[in-house]
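Here is what each chain is made of, one letter per residue.
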Amino acid sequence: MSRTFEEPTIPAVPARVQRPLLALWISLALHAAVIGLVRVAPPGGTGAGGPVIEARLMPAPTTP
């Protein structure tokens, strides 16, 4: 019983597919990095007590 262990292999990818597949993986990695590294300020969190503008909508005047 001296069987040798054979490593499972992944089917070969055709040469015409290798380059677009590599470009896809690089694109996914870069997009994930940008999404992970960009910090977005929370809305309304940076207000330093500046002036506040208030507005009120009024009905348009009717002409007889």
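Below, the structure is looked at part by part. What you see is a predicted model; the values in this text were computed from it and never measured.

1. Considering the overall build of the protein chain
So, point 1. If you tally the helices and strands in the protein chain, you get 1 helix and 0 strands.
So, point 2. Counting all 64 residues of the protein chain, 0% fall into the buried class.
So, point 3. Accessible surface, the protein chain: about 7200 Å² in total, of which carbon and sulfur atoms supply 66%.

2. Side note on a nonpolar patch on the surface
So, point 1. A contiguous nonpolar patch, built from Val13, Val17, Leu21, Leu24, Trp25 and Leu28 and spanning about 530 Å² of accessible area, is present on the exposed surface.
So, point 2. What makes Trp25 exposed here is its relative accessible area of 56%.

The rules we used
Residues numbered from 1 in each chain as written. Predicted model: local features only at pLDDT ≥ 70, side-chain atom pairs only at ≥ 80, totals over all residues. Heavy atoms only, no water. Helix = DSSP H or I, 4+ residues; strand = E, 2+ residues; numbered from the N terminus. Buried < 20%, exposed > 50% of the residue type's maximum accessible area, 1.4 Å probe, protein only. Areas by Shrake-Rupley, 256 points an atom, 1.4 Å probe, with all protein chains shown as cover. Patch = residues over 30% accessible without salt bridge, like charges linked within 9 Å, V, L, I, M, F, W, Y side chains within 5 Å. Salt bridge = Lys/Arg side-chain N within 4 Å of Asp/Glu carboxyl O.

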